Every structure is written in C-alpha cells, then in structure tokens.
Amino acid sequence: MKKILVLSLIVAIGLTFLIGCSSKEEGSIKIGVLLPLTGSQAKFGEMEKNSFDIAQAEINQAGGIKGRQLEFVYEDDTGKPDVGRMGMEKLIAQDKVPMITGGYSSSVTFAAAQVAQKYRVPFMVCTGSVDKITEPEAYDLNKNDGDKFYVYRINPPVSEYASGLEGFINSVVKPKSVMIFHEGTTFGTKGAEAFAKTCSKLGIDVLGTESYTEGTVDFKPMLLGVKEKNPDVVYMIAYVMDAALLMKQSKDLQLSPQIFIGAGAGFTMPAFRENAGVASRKVVSSTLWHQSLPLAGAQEYFDKYVEKFGAENTPDYHGAEAYAAAYVVKDVLNRATDYTPESLKNALDKSDLMTVFGPVKFTSYGKKIHQNKMDTYVVQWINDELKLIWPQSLADADYAFPINYAKEWAE
Amino acid sequence: METFLQTLASGILIGGLYAIIGIGMTLIMGVLNIINLAHGQILMISMYITWVLWHYFGIDPYMSIFITIPTVFLIAEGISKYFLHPLIDKDSILPENQVLMTVGIGMVIMELARTIFTSDFKSISPTTTLRGEKIDIPGYLQNSIHIANISISIPLLIAFSISIFLTLGLFLFLTKTDKGRSVRATAQDKGAAALMGISTAKITILTYGIGSALDAAAGSLLLPIYYLYPDVGPIFTVKAFVITILGGLGSTVGAIFGGLILGLAETFGATYISMGYKDAVGLIIFLLVLVFFPGGLKRFTKV
Amino acid sequence: MTNNTQNGFFKLTKFEFTAIAIIMISPLLFSWSMYFQGLLIIVMLWIILGLSWNLMAGYTGQVSFGHAAFFGIGAYAAALPYFHWRISPWWGLITGPIVAVAFGYFLGKLVFKLKGPYFALGTLASGEILRIIFGEEELITNGHNGIFYMTTWTSKLPYFYIAAALAIFSILIIRKIIQSKLGFYFLSIREDQDAAEALGIDTVKYKNLSLAISAAMAGVAGAFYMIYMGFIDPEVVFALHNISIITILVGIIGGVGTIWGPAVGAIVMIFIQELFRSSLFGLGPEWLSRLHSLVFGALVVLIILYMAGGIVGDWPIIANKIKSWKNKTEGQS
C-alpha cells in the first residue's frame with residue numbers, strides 16, 4: 001500500500017514536470033475559453049467553439065496579433081458550476097492565460113466569474129445571461145469599483161432579452177393579458193420574472209405563470225389554463241424540443257390567443273420549425289441576432305459557418321456572440337501594451353468597436369457596470385423562414401399580425 | 001369540466017405508457033430482487049434503434065417494435081448473463097452489488113450513446129428527409145383527434161393501446177405457459193422453485209430479458225411523442241421505480257395501476273397544483289405508499 | 001478518552017502516519033498549480049462523503065441511495081443564513097451537520113421501516129423530493145437561481161488544510177467507532193439484523209446512530225462545498241447522479257466496509273475524471289476528453305465484477321497477484 005502511494009506520488013510529480021515543460025511554449029498568445037463541450041449543453045458549446053475556431057483562423061490568416069498567432073485554449077465546463085470553476089483555475093493557474101472569454105450557462109458563468117474576479121483576470125462573458133454577472137454588488141463591490149471589477153459582458157442580460165419585444169407588443173399587439181410558461185431553470189425563471197415586470201410596466205395583466213420540468217411528455221394539462229383564462233398573449237421560455245412540443249400541443253388543443261411569443265432560446269432554431277411543423281407558423285420570438293441584420297460581416301459569418309458545418313447546422317445568436325467575442329479579443333490584444341491581465345483590462349475598458357453581433361462598448365447603467373448595452377430584435381416564422389420583423393427600420397419582412405392560428409394550422 | 005376531462009384523458013393515456021415501463025421494472029424487481037437503475041438507459045437504447053431505423057431506412061416506429069424487442073432482449077440477456085448473474089455467487093459485503101452494477105452499466109450505455117450520437121436531440125419531425133426526398137410523416141404519428149372538445153393525441157393513443165395489448169400478452173405468458181409459471185414461481189420463492197426443478201438461474205436471466213423487452217416496446221412507442229438525447233434515460237428510471245413501488249414489488253397488475261396512478265397524479269398535479277411540482281407529487285405519493293403500504297397495490301390485487 | 005494503546009484516537013499505525021503525512025504535504029508539492037491544489041480539495045471533499053456513506057452502507061448494511069439529501073441540507077444550512085441575513089457561511093460547518101442530523105432523524109423514522117430495495121428506493125426518493133422542493137420554494141431558497149457567495153481566500157492552502165483536517169478527523173472517528181463496541185453493533189446489524197436483535201442489540205437505536213453520524217459528516221461536506229465553491233443550487237447539491245450515485249461509486253471503487261477505501265476511491269475517481277477531461281493533461285488527442293464518464297462507468301463495472309471488495313478490500317489478493325506475476329517474470333529471465 002505504502003509502495004503504491006509513493007509510486008503514485010512519483011508518477012504525479014513526473015507528470016507535473018512534463019506539463020510544466022510542455023506549456024512553456026513561446027510564440028502564440030493564448031486566450032482561455034470556457035464552454036460546455038460535453039454534457040447536455042454541448043450543442044451550443046460546440047456551436048460557439050466552431051465560431052471561435054473560424055474567427056481564430058481568420059485572424060491568424062490576416063497576420064495575427066502584431067505578428068504573433070492567436071490561440072484559443074478551451075476548457076470544458078460540462079455544464080456544471082464546480083467543474084467550470086476548476087476549469088477556470090486551470091486556465092488561470094496552469095495555462096496562464098491573461099484573459100478568458102466564453103461562459104455559456106448562467107450558473108456556470110457566474111461561478112466562473114467569481115474565480116476570475118478572485119484571481120484578477122479579465123473574464124469577458126459572451127453568453128451567460130443572468131443579470132447578476134455584471135452587477136458588482138453580487139461580488140461584494142460597489143458601482144465605483146470598476147477598476148477592481150474584472151467581469152465584462154458582450155451579450156445583454158436576461159432581463160433585457162425581451163426589450164425589443166416591448167416595442168413590438170406596445171405598438172402592434174397591444175394586449176390586455178398574458179400567460180407565461182417557462183422551463184424550471186435559472187434562465188427560465190429569471191426570464192419569466194423579467195417579462196412579468198415588463199408587463200406590469202406596460203399595464204398588461206399576467207393571468208398566470210407556470211413552470212415545467214424536464215421529462216414532461218404531455219403539456220396539455222398545463223396549456224389548458226390558456227383555454228380557461230383566455231389571455232391575449234402566450235409567452236413561452238423553452239428550449240428547442242420542448243418549444244416544439246408546446247406549440248404542437250397548443251395546436252392540438254386549438255388554443256386561440258392573439259399571438260404566441262417565444263423568448264428566443266429554442267424558438268429561433270431550425271430544429272424548432274422542423275419539429276413543430278405547421279405549428280411553428282407565425283410564431284413570434286425575441287432574439288439577440290439575426291443574420292439579415294445590417295451589420296457588416298453578419299451574413300458572411302453565417303454563410304461561412306454553414307459552408308463549413310453543413311446546412312443543417314445553421315448558427316444562431318450564440319454562434320454570433322462567440323464570433324464577435326473573438327474579434328473583441330483581437331481588438332483588445334492589438335490595443336494592449338503588453339499581454340498581462342492588467343493591461344488587457346485597461347484595453348477592455350476602452351473598447352469601442354463594431355462586430356457582427358453589433359457595437360461593443362462596456363458601459364455602466366442601473367446596477368451594472370462593464371455591460372454592453374444592446375438592442376434586441378423580434379423575429380417571426382413566415383413561410384417557414386425566420387424573418388426579422390422588428391424594429392421596423394431594420395426588418396427584412398413585414399410582420400404578420402393579427403394572426404388566425406386556426407387557419408395557419410389547418411394547412 | 002372540460003379541464004377535468006382533458007386532464008383525466010391525458011393522465012390515463014400517459015399512464016398506460018408508464019405502466020408498460022413499470023411492468024418491465026417490476027418483473028425484474030420481483031425475480032432478481034434488484035432495482036434496475038439502467039432501466040431508463042435500456043429504454044434509450046430502444047429509442048435510438050427506433051430512430052436509426054426511421055431516419056435511415058424509413059421504417060415506421062410502430063413496425064420497428066418487431067426489431068427493437070428482439071434486439072434489446074438479446075442485449076439484456078447478455079447484460080444479465082455476463083454482468084449481473086456472476087455477482088450472485090460472488091462473496092461480497094453488500095447484497096446491493098447487482099443494483100450498483102446496473103448503475104455502472106447505465107453510465108456506460110449513456111456515454112456510449114453520447115459518443116456515437118453526440119448530445120444532439122433526435123426526434124421524428126413532421127417532415128423528414130428520407131434518401132434525399134422530403135416527405136411528410138403519416139398523420140397517425142403526429143395528429144390528434146377531438147372527442148367532445150377533448151384533444152387526444154393519436155400516437156399517445158396508439159402507444160396506450162399497444163401497451164395494453166402487450167400487457168395482456170405478458171399476462172397470458174405468465175399464467176398460461178410453463179416458462180411464465182416458472183417466472184412467477186421464482187419470484188415468489190426462489191428456494192421452493194429450485195426444489196420443484198426449475199432452473200432459477202435460467203429464469204432469472206430470462207426475466208431480465210423480458211423486462212427489458214417491454215421497456216424496448218415502450219421506447220419505440222415513446223419516440224413519436226417525445227424526443228431523444230443521451231440523458232433521457234434517468235428521467236424514466238425514476239418514473240419506473242415509483243410505479244413499481246406504487247404497484248407493489250413484482251406485481252404486474254399492480255404496475256398497471258401504478259402507472260395509471262402516476263400518470264394521473266402528474267397531470268392532476270400539473271393542472272391543479274403547479275407544473276413545477278409535478279414530479280414531486282409522484283415522489284411524495286411514492287414515499288407515503290412505501291412507508292404506510294409497504295406492499296403497494298399488491299395487497300389488493302394479489303397478482 | 002481512553003488511553004488504550006490499541007485504539008487511542010490519535011495513535012497511528014506506520015501506514016496511517018505515512019498516508020496522513022502525504023496528504024499534508026501534497027498541496028505543497030503542487031504549489032506551482034492552484035488547479036491541482038483545487039483538485040486535492042475536491043478529493044478531500046469526496047473522502048468525507050465517501051466515509052459518510054461507507055459508515056451507513058459498508059459498516060451498518062443500510063445502503064443509502066440518497067446521500068445528496070444530507071449533503072444538500074448541509075450546503076443550504078450554510079447558504080441560507082448568508083442569503084437572508086448575511087451570516088457567514090462558515091457557521092455552516094457547525095449548523096450544517098446539526099441540521100443534517102435533524103433531517104436524518106426524521107428520515108430515519110420513515111426509511112428504517114423499509115428493507116432491502118425498499119430502503120434504497122426510500123432514500124433515493126428523499127433526495128429527489130428535496131431537490132424539487134428546494135427548486136420550487138423560491139422565497140425561502142432562491143429556487144433555481146441558487147445562492148452565491150464571494151469566497152474568503154484566493155489561496156487554496158487554507159481551504160485544503162481545513163478540508164484535509166475534516167477528512168482526517170472523519171477517518172479517525174470512523175476508525176475509533178469501528179474498533180469500539182459501537183462498531184461491533186453496526187457490523188452485527190449488517191451481517192444479520194434479526195440475529196442482532198435476538199442478541200439483545202437495539203437495532204433501531206444503532207441504525208439511527210449510524211445514520212446520525214453519517215448525516216453529520218455529509219452535512220459538513222455540504223457546508224464546506226458551499227464555503228469553498230461559493231455557489232450552490234438545488235440541481236448541484238441534491239443531484240441524484242453527481243452526488244448520491246458518485247458517492248456510492250467512490251465507496252465501491254475504494255472498498256466497501258474498509259476505513260481507507262473511500263479515500264482511495266476518491267483519489268481514483270478524481271484522477272480519472274481529470275485525466276480524461278483534460279485529455280491526459282493536454283498531452284493526448286482532444287476526443288479523449290469526451291470519454292471521462294465512459295471510462296469511469298466501465299471501471300465501476302469491472303471493479304464490481306472482478307474486485308468485489310474494492311481496491312482496499314481486495315488489496316491482499318491484488319498484492320498476491322502482483323507478487324506471483326513478478327516472481328514469474330523474474331523466473332523467466
């Protein structure tokens with residue numbers, strides 16, 4: 001037993017030397033990326049990684065960073081906060097990266113952000129959406145502690161996901177009442193809360209909020225509430241397959257609200273239309289991005305991704321967030337004096353650039369600092385294609401409203 | 001009233017499907033005296049087979065039952081023969097070693113599925129590309145019928161009917177055939193069964209296969225209604241053991257009622273309490289039954 | 001405390017002394033990497049959990065499938081006072097085990113009526129019910145949002161030594177129990193509950209006692225998890241697979257009913273997980289990182305099949321095999 005212990009210790013020490021040597025590689029600038037690459041969230045993690053890879057190849061082809069190559073070092077958080085924290089520590093302590101980006105699920109991202117804050121390494125979140133992530137309060141800091149706060153975020157927080165929707169609802173739908181259905185996760189719960197708040201601001205009655213757990217096969221008992229209470233709007237926060245089931249079963253029940261609205265996430269994906277079939281018609285959803293937006297490079301990025309990974313793998317806003325994050329990294333590295341966490345943080349503070357995801361500039365508002373303020377958009381499934389319908393100035397199709405769902409579904 | 005009836009219909013239909021998953025579990029539990037924690041993963045194997053047959057060969061999910069049942073039966077026989085059965089004679093501190101083995105097997109199955117099929121969602125979508133051609137799937141795989149304002153999904157109805165049919169078949173097998181009687185005898189008293197000249201070892205292995213085959217049928221029936229990904233198994237394992245306890249260990253008739261009760265508890269819980277608590281309702285009933293009616297429904301049904 | 005040389009609390013065998021010494025210096029060997037130090041802390045955490053399960057299952061024969069319940073209760077005992085009243089989670093190291101024991105007392109009333117698979121299912125359900133309730137009761141538990149806390153230190157060392165102290169203390173307690181009369185009662189319940197009762201042992205009392213000690217340990221582990229990680233949510237701390245089942249697997253791999261088994265199991269489990277997750281620490285091809293759960297599952301299957309006593313329990317057999325294999329190869333040359 002003792003021998004084994006000693007032996008394993010020797011092996012461990014030997015291994016550490018091996019690693020110590022192998023990581024002493026000069027040349028490329030390494031930037032950490034934390035994403036779920038295995039586990040149940042792997043699909044989006046994969047999409048973001050692909051987008052980082054595309055951007056990395058482009059940047060290096062164009063000469064890299066002042067002649068040096070840019071290299072993204074990926075860490076798999078497997079969708080669990082504790083593994084995410086370990087991954088962050090590995091990036092910081094072992095790979096010695098001066099900056100980290102990525103961050104997919106809300107809980108993992110927040111847990112990881114604390115590690116970054118602790119070690120004073122800038123963490124530029126590109127997807128994790130719970131509001132707290134950019135609120136210094138949650139880290140026992142205050143709003144004036146910007147120079148002590150190392151967390152930045154490109155994407156809007158979940159409370160603003162529906163901000164684009166607000167205009168659409170207010171000036172087009174003008175509903176009196178709404179019912180909210182959401183998945184029982186942080187994203188779902190917070191999104192539902194934020195939307196309920198928006199509703200009370202707009203003077204819309206929330207007739208009910210229902211959540212469901214994974215493994216629900218039959219949503220009909222839950223959806224029946226719609227028949228009973230007859231709301232004008234049915235608002236749903238669900239992941240792609242559940243989103244499809246919700247719409248299919250709404251169709252089965254012949255629900256007839258004025259409009260079905262999805263909260264992004266699942267409702268904008270091609271798999272949603274495939275699985276919901278006719279039930280997907282005229283469904284409206286908020287979204288953070290659409291390839292037809294008049295943003296330089298957006299369509300090109302979309303086409304490039306499809307060309308590389310096949311037509312059945314179209315990227316959505318997650319991919320665009322990652323691709324944009326890669327270019328923010330490039331911009332920051334180009335402006336930084338050296339590649340230490342401190343000087344990268346200074347460069348991040350002064351970021352002001354245009355990306356395929358929209359303008360990126362870290363500002364301070366409300367309880368948040370280092371938050372990129374961004375518009376969100378509204379899309380609708382029209383003729384089985386996802387069209388941008390709001391804001392009208394950017395739209396590539398006219399919105400369809402009012403909608404006769406019974407007729408749409410009848411085929 | 002309409003809400004009540006719709007909830008009732010939904011509960012009964014989904015309960016029928018749960019029942020067949022539960023019967024498989026209860027058979028295994030009765031004869032092997034273990035909780036099969038790989039039950040959901042075996043269901044998942046069948047769902048993947050059904051999906052592959054549909055996606056690549058265009059075989060109707062209900063037809064593929066004829067393929068999934070024997071295939072999964074053979075896989076389960078292998079698991080039982082080479083992984084579970086050898087543990088019986090092994091000297092071990094814990095009698096639960098076989099249960100823990102099913103945990104390990106479940107993990108391996110799940111991760112193999114992830115390696116082969118990735119974490120992507122698979123499903124039978126309304127339009128499918130088959131051999132380069134886009135086709136609409138048959139109506140009975142997606143539509144629903146309406147009876148007096150109550151909407152009943154056809155695939156769920158089919159699943160319910162086939163479940164009943166298979167349950168009856170199993171019932172006949174258990175009561176009318178020699179093999180079936182041996183299974184029941186082994187479940188009741190292994191020692192006595194062995195004395196009567198039954199090869200309990202063979203029966204034990206066979207039972208794991210039969211239990212898994214029922215699970216396989218449920219998998220094929222579930223695919224048109226639900227969707228598929230590598231982590232889908234554990235959700236249904238939990239449902240299966242709740243049913244088993246509700247119905248009473250090893251009781252097939254009990255499992256039918258257990259399935260229906262769980263289905264109804266879930267849907268009524270969702271309608272009248274809150275969807276989020278849906279799973280808790282089943283589990284709390286389960287714990288109460290476990291503690292206060294240790295025999296489950298078996299007390300009343302005796303089979 | 002007795003001064004008996006046989007089972008003095010701090011009297012260590014040579015092996016135990018070496019093992020503890022290695023534990024104590026291990027973070028210093030890894031001082032160049034916070035990441036490895038972090039792994040060592042996680043190992044300590046799993047040692048405590050494994051020991052906790054092992055006392056109930058391995059020594060008393062009550063195989064729990066719901067240890068996440070105690071772990072999660074301990075974690076929330078540390079987190080909730082902080083969430084509501086900003087009371088430091090560090091108090092959780094005291095309140096965590098107390099609350100876990102209180103919960104265990106009521107759970108014991110329910111589940112100890114059950115035997116065999118029923119007991120396993122009852123404990124499994126208790127963990128699942130808590131997971132759902134803590135997820136839904138947002139006003140009290142903050143639901144799925146979880147609870148965050150800025151951790152106290154940047155350095156890993158204080159956390160490590162606290163965790164290591166807790167783990168070693170747990171090992172010593174278990175050792176003490178097993179060498180005492182109490183341990184004898186536990187073992188007799190495991191071997192044959194009816195016979196134990198016939199001998200006049202109050203099995204209900206001793207099963208509850210075993211549960212209480214076990215719950216306290218798991219509660220401490222949970223509270224420490226909150227303190228160290230700074231984040232919990234119901235899905236993380238009440239996880240059926242990631243906590244309850246992995247706890248069992250740690251026990252099985254190391255050796256059920258052995259004092260050092262959980263420690264070995266925890267090291268092996270974390271080592272395999274990280275070895276594969278990081279693709280052999282970045283030296284291997286990337287696809288290896290996808291296999292970590294598969295390899296771990298396969299290891300569990302193989303150990304149950306060929307090493308029913310676990311690594312520690314079957315060590316004499318393994319050592320013998322290695323010896324004979326050595327002799328054979330030496331004889332050939």
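Because the structure is predicted, anything quoted here is derived from the model rather than measured.

## A word on the overall build of chain B
Phase 1 of the analysis: Counting secondary structure elements, chain B contains 13 helices and four strands.
Phase 2 of the analysis: Taking 303 residues into account, the globule formula puts the C-alpha radius of gyration at 19 Å, and chain B, at 19 Å, falls close to it.
Phase 3 of the analysis: Along the three orthogonal principal directions, the C-alpha set of chain B runs to about 60 × 45 × 35 Å.
Phase 4 of the analysis: Within chain B, the fraction of its 303 residues that count as buried is 59%.
Phase 5 of the analysis: Look at the contacts in chain B between residues 6 or more apart in sequence, and 74% of them connect residues 24 or more apart.

## What to know about the overall build of chain A
Phase 1 of the analysis: Tallying secondary structure elements over chain A gives 13 helices and 16 strands in all.
Phase 2 of the analysis: Against the 2.2 N^0.38 benchmark of 22 Å for 411 residues, chain A shows a C-alpha radius of gyration of 23 Å, consistent with a compact globule.
Phase 3 of the analysis: Structurally, chain A occupies a C-alpha span of about 70 × 55 × 45 Å along its principal axes.
Phase 4 of the analysis: Sequence-distant contacts, at least 24 apart, represent 71% of the contacts inside chain A between residues at least 6 apart.

## Considerations on the interface of chain B and chain C
Phase 1 of the analysis: Taken together, the contacts link 40 residues of chain B with 35 residues of chain C.
Phase 2 of the analysis: Of all elements in the fold, only helix H4 (86-89), helix H5 (97-117), helix H10 (232-247) and helix H12 (278-292) of chain B reach the threshold of two or more residues within the side of chain B that touches chain C.
Phase 3 of the analysis: Residue classes in the side of chain B that touches chain C are distributed as 29 nonpolar, six polar and five charged.

## Some points on the nonpolar core
Phase 1 of the analysis: C:Leu45 and C:Ile48 are the most contacted members of the largest nonpolar core, which totals 342 residues.
Phase 2 of the analysis: Looking at which element gives the most residues to this core, the answer is helix H2 (residues 34-59) of chain C, with 20 residues.
Phase 3 of the analysis: Residues from two domains meet in this core; each of domain 1 (27-157 + 298-372) and domain 2 (162-287 + 376-410) of chain A gives at least three.
Phase 4 of the analysis: Setting aside residues up to four positions removed in sequence, C:Ile48 forms contacts with C:Leu166, C:Ala167, C:Ser170, C:Met217, C:Val220 and C:Ala221.

## Some details on the environment of B:Leu166
Residues and elements named next belong to chain B.
Phase 1 of the analysis: Residue position: Leu166 is located in helix H6 (residues 154-176).
Phase 2 of the analysis: Overall, Leu166 belongs to the buried group, with 21 C-beta atoms counted inside 10 Å.
Phase 3 of the analysis: Spatially, the C-alpha atoms of Leu166 and Gly247 are 18 Å apart, while their sequence positions differ by 81 residues.
Phase 4 of the analysis: In contact with Leu166, other than residues within four places in its own chain, are Ile20, Leu214 and Ala217.

## A few points about the interface of chain B and chain A
Phase 1 of the analysis: Every contact between the two is made by 29 residues of chain B and, on the other side, 26 residues of chain A.
Phase 2 of the analysis: Elements with a minimum of two residues in the side of chain B that touches chain A: helix H1 (2-32), strand S4 (150-153), helix H11 (252-272) and H12 of chain B.
Phase 3 of the analysis: Ranked by the residues each element gives to the side of chain B that touches chain A, the list is headed by H1(B), at five residues.
Phase 4 of the analysis: Each residue belonging to the side of chain B that touches chain A can be placed in one class, and the counts come to nine nonpolar, 16 polar and four charged.

## With respect to the domain arrangement of chain A
Residue and element names in this part refer to chain A.
Phase 1 of the analysis: Each assigned domain of chain A is listed with its residue range as follows: domain 1 (27-157 + 298-372) and domain 2 (162-287 + 376-410).
Phase 2 of the analysis: Taking the mean C-alpha position of each, domain 1 and domain 2 sit 30 Å from one another.
Phase 3 of the analysis: Contact residues are listed per partner, giving eight residues for domain 1 and eight residues for domain 2.
Phase 4 of the analysis: For the side of domain 1 that touches domain 2, the residue count by class is three nonpolar, four polar and one charged.

## Side note on the sheet that holds strand S6 (residues 177-183) of chain A
All names here are of chain A.
Phase 1 of the analysis: The strand order across the open sheet formed by seven strands is S7-S6-S8-S9-S10-S15-S16, and the pairing between neighbours is mixed. The sheet is open, and its two borders are formed by strand S7 (205-212) and strand S16 (385-390), each paired with just one other strand. Adjacent strand axes in the sheet meet at a mean angle of 25°, parallel and antiparallel pairs treated alike.
Phase 2 of the analysis: Examined bridge by bridge, strand S15 (residues 377-382) and S16 share five bridges and lie antiparallel to one another. Of the residues in S16, the one forming a bridge with Trp381 is Leu386.
Phase 3 of the analysis: Helix-sheet contacts for helix H6 (residues 186-202) involve S6, S7 and strand S8 (233-237), and the interaxial angle to S6 is about 170°.

## Here we look at the packing of H1(B) against helix H9 (residues 200-222) of chain B
Residue and element names in this part refer to chain B.
Phase 1 of the analysis: Interaxial distance between H1 and H9 falls to 8 Å at its minimum, and their mutual angle equals 170°. One way to sum up the angle between H1 and H9 is to call them roughly antiparallel.
Phase 2 of the analysis: Of the residues assigned to the contact of H1 with H9, the class counts are 17 nonpolar, five polar and one charged.

## Some thoughts on helix H3 (residues 65-84) of chain B
Residues and elements named next belong to chain B.
Phase 1 of the analysis: When we look at burial in H3, the residues that qualify are Ile65, Thr68, Ile69, Val72, Phe73, Ala76, Ile79, Ser80 and Leu84. The buried residues of H3 all sit within an arc of 130° when viewed along its axis, so they share a single face. Residues of H3 that are exposed and angled more than 90 degrees away from the buried face: Phe66 and Tyr82.
Phase 2 of the analysis: Of the surrounding secondary structure, the elements contacted by the buried residues of H3 are helix H2 (39-57), H4, H5 and H9.

## Quick look at helix H4 (residues 106-119) of chain A
Residue and element names in this part refer to chain A.
Phase 1 of the analysis: The end-to-end C-alpha separation of H4 is 20 Å, in line with the 20 Å expected for 14 residues at 1.5 Å each.
Phase 2 of the analysis: Within H4, 13 of the 14 residues are buried, which leaves the element mostly enclosed by the surrounding structure.
Phase 3 of the analysis: Trailing H4 by a residue or two, Arg120 shows a phi angle of about 55°, which is positive.

## So, the confidence of the model for chain B
Residues and elements named next belong to chain B.
Phase 1 of the analysis: Considering every residue of chain B, the mean pLDDT works out to 85; 91% of them sit at 70 or more.
Phase 2 of the analysis: Element-level pLDDT for chain B is lowest in helix H13 (residues 298-301), with a mean of 56, against a maximum mean of 95 in H3.
Phase 3 of the analysis: Reported confidences for the modelled complex are a pTM of 0.85 and an ipTM of 0.85.

## Quick notes on the packing of helix H3 (residues 67-85) of chain C against helix H12 (residues 240-254) of chain C
Two quantities define a packed helix pair, namely the angle between the helix axes and the distance between the axes.
Residue and element names in this part refer to chain C.
Phase 1 of the analysis: Where H3 meets H12, the closest approach of the two axes is 8 Å, and the angle between their N-to-C directions is 115°. Considering how the two elements wind past one another, H3 and H12 form a crossing that is right-handed. Here H3 contributes His67, Ala68 and Phe71 to the contact with H12, which in turn contributes Leu240, Ile243, Ser244 and Thr247.

## Remarks on the pairing of S7(A)
All names here are of chain A.
Phase 1 of the analysis: When S6 meets S7, the two strands line up parallel, connected through seven bridges. Bridging from a neighbouring strand, Ile180 pairs with Thr209 of S7.
Phase 2 of the analysis: What joins S6 to S7 is H6, and the crossover it makes is right-handed.

## A look at the confidence of the model for chain A
Phase 1 of the analysis: Residues at a pLDDT of 70 or more form 93% of chain A, whose mean pLDDT is 87.
Phase 2 of the analysis: pLDDT under 50 marks residues 17-25 of chain A. Its contacts with residues more than four places away, or in other chains, come to six contacts.

## Notes on unusual backbone geometry
Residues and elements named next belong to chain A.
Phase 1 of the analysis: Backbone torsion omega between Trp390 and Pro391 reads -5°, so that peptide bond is classified as cis.
Phase 2 of the analysis: Take Pro391: it is sitting in the loop between S16 and helix H13 (405-410).
Phase 3 of the analysis: The backbone phi angle of Asn230 is positive, close to 50°, even though this residue is not glycine.
Phase 4 of the analysis: With respect to the helices and strands, the residue Asn230 is situated in the loop between helix H7 (220-229) and S8.
Phase 5 of the analysis: Taking the C-beta count within 10 Å as the criterion, Asn230 has 13 such neighbours and is therefore assigned partly exposed.

About the cut-offs
Residues numbered from 1 in each chain as written. Chains lettered and ligands numbered in written order. Predicted model: local features only at pLDDT ≥ 70, side-chain atom pairs only at ≥ 80, totals over all residues. Helix = DSSP H or I, 4+ residues; strand = E, 2+ residues; numbered from the N terminus. Rg over C-alpha atoms; globule rule 2.2 N^0.38 Å. Buried ≥ 20, exposed ≤ 12 C-beta atoms within 10 Å, placed from the backbone. Contact = placed C-beta atoms within 7 Å. Nonpolar A, V, L, I, M, F, W, Y, C, P; charged D, E, K, R; others polar. Core = buried A, V, L, I, M, F, W, Y, C linked by C-beta atoms within 7 Å. Domains from an automatic or database assignment. Pairing = 2+ DSSP bridges. Axes fitted to C-alpha atoms, helices over the stretch in contact; angles between N-to-C directions. Parallel < 35°, antiparallel > 145°, perpendicular 65-115°, else oblique. Arc of directions from axis to C-beta. Expected span 1.5 Å × (residues − 1). pLDDT = per-residue confidence, 0-100. Left-handed = near helix turned anticlockwise from the far one by under 90°. Right-handed = clockwise from strand over helix to strand, strands pointing away.

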